[in-house]
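Chains, contacts and geometry: an overview
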Amino acid sequence: MKRIARLPGARRLALFGAVVLLALTTSSVAAADRGPGPFGVTVRAEPSPQTVRVGALFGGDGDLLGDHFCTASVVRSTAHDLIVTAAHCVDGGGKMWFVPGYRDGQAPYGVWEVTKTYVGDAWSGDQDEDSDVAFAVVEDLGGLDVEDLVGGNAFVTGQATGATAVTVTGYPKSLDVPITCTNKPTVHSRTQQRIECPAFPGGTSGSPWVNGDGAVVGVIGGHEEGGSTDDVSYSVVLGDEAAALYRRAANWPV
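Report on the accompanying structure. (Residues numbered from 1 in each chain as written. Predicted model: local features only at pLDDT ≥ 70, side-chain atom pairs only at ≥ 80, totals over all residues. Heavy atoms only, no water.)

As a further point, take unusual backbone geometry. A positive phi is found at Gln127, a non-glycine position, where the angle reads about 50°. For Glu225, which is not glycine, the phi dihedral falls at a positive 50°. Looking at the secondary structure, you find Glu225 in the loop between strand E14 (215–219) and strand E15 (232–236). (Helix = DSSP H or I, 4+ residues; strand = E, 2+ residues; numbered from the N terminus.)

Printed below as a string of structure tokens:
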């Protein structure tokens with residue numbers, strides 16, 4: 001369950017430092033479908049037009065004093081106000097706030113209140129791990145919608161697992177900066193896919209899997225609510241159910 005940290009803080013931070021050092025010293029750099037570097041190496045995500053579409057989810061009053069607990073990202077919609085995350089990130093009730101591009105305690109692109117969430121019937125009924133995807137609407141800020149400010153990724157279903165590499169970007173609960181890793185997903189089951197990216201601990205549930213075309217083709221969640229270890233993460237295989245949920249949330253014509 002990526003919503004909750006699995007390793008003691010000192011060990012987790014030491015591991016993160018090790019993978020950053022590996023990224024700086026390795027000479028084997030993969031193209032990774034225009035990704036940020038070597039396959040299977042986790043590094044700090046630098047600000048860019050792509051990474052600022054990813055943000056941390058906070059509870060409480062939106063003052064950034066509470067811990068961020070999950071990750072979400074902006075996807076395209078009719079109203080330009082939609083984010084995607086994992087269903088298990090939005091089932092706790094209470095107020096939620098989305099902070100795109102969150103970094104070092106700052107909200108350079110604002111703090112956006114979540115006003116509505118969408119989960120599939122299989123999740124709301126039985127919390128089926130094969131339905132662990134959710135969308136949420138965020139309120140505008142001064143008449144400006146979040147997609148108009150930071151842009152949004154396409155949300156694409158029906159892609160074959162591992163057809164291309166993907167870049168996963170998210171916010172560990174233990175850090176106030178995002179991390180990122182590029183690798184090729186592999187099949188876990190007919191309905192689940194997995195990716196080997198080290199040091200993706202609690203807080204990274206909901207992190208988007210973005211392919212080289214800038215499309216979200218997965219979200220950390222699903223099996224074991226995203227994974228029981230920090231080094232292997234899971235996503236639902238996005239199929240007809242996810243497509244229908246997205247159309248409803250994004251208000252696309254059927």
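Looking now at the pairing of strand E9 (residues 166–170). By the criterion of burial, E9 is predominantly enclosed, with five of the five residues buried. Residues Val166, Val168 and Gly170 of E9 are buried on one face, and the alternating residues Thr167 and Thr169, pointing to the opposite face, are buried as well. Summarising the sheet, E9 and strand E10 (residues 179–183) pair through five bridges and their orientation is antiparallel. The partner of Thr169 across the bridge, within E10, is Thr180. Bridge count between E9 and strand E13 (residues 208–211): three bridges; the pairing is antiparallel. Bridging across to E13, Val168 finds its partner in Trp209. (Buried < 20%, exposed > 50% of the residue type's maximum accessible area, 1.4 Å probe, protein only. Pairing = 2+ DSSP bridges.)

Next up on the list: the nonpolar core. Among the nonpolar cores identified, the biggest contains 21 residues, and Leu57, Ile83, Phe98, Val138 and Val146 are the most heavily contacted of them. Where this core is concerned, the elements lending two or more residues are strand E3 (68–75), strand E6 (112–119), strand E7 (134–138) and helix H3 (146–150). It is E3 that provides the largest number of residues to this core, a total of four residues. Every residue in contact with Ile83, bar those within four places of it in the chain, is listed here: Leu57, Ala72, Ser73, Val74, Val75, Phe98, Val114, Ala134, Phe135, Ala136 and Val138. (Core = buried A, V, L, I, M, F, W, Y, C linked by side-chain atoms within 4.5 Å. Contact = heavy atoms within 4.5 Å.)

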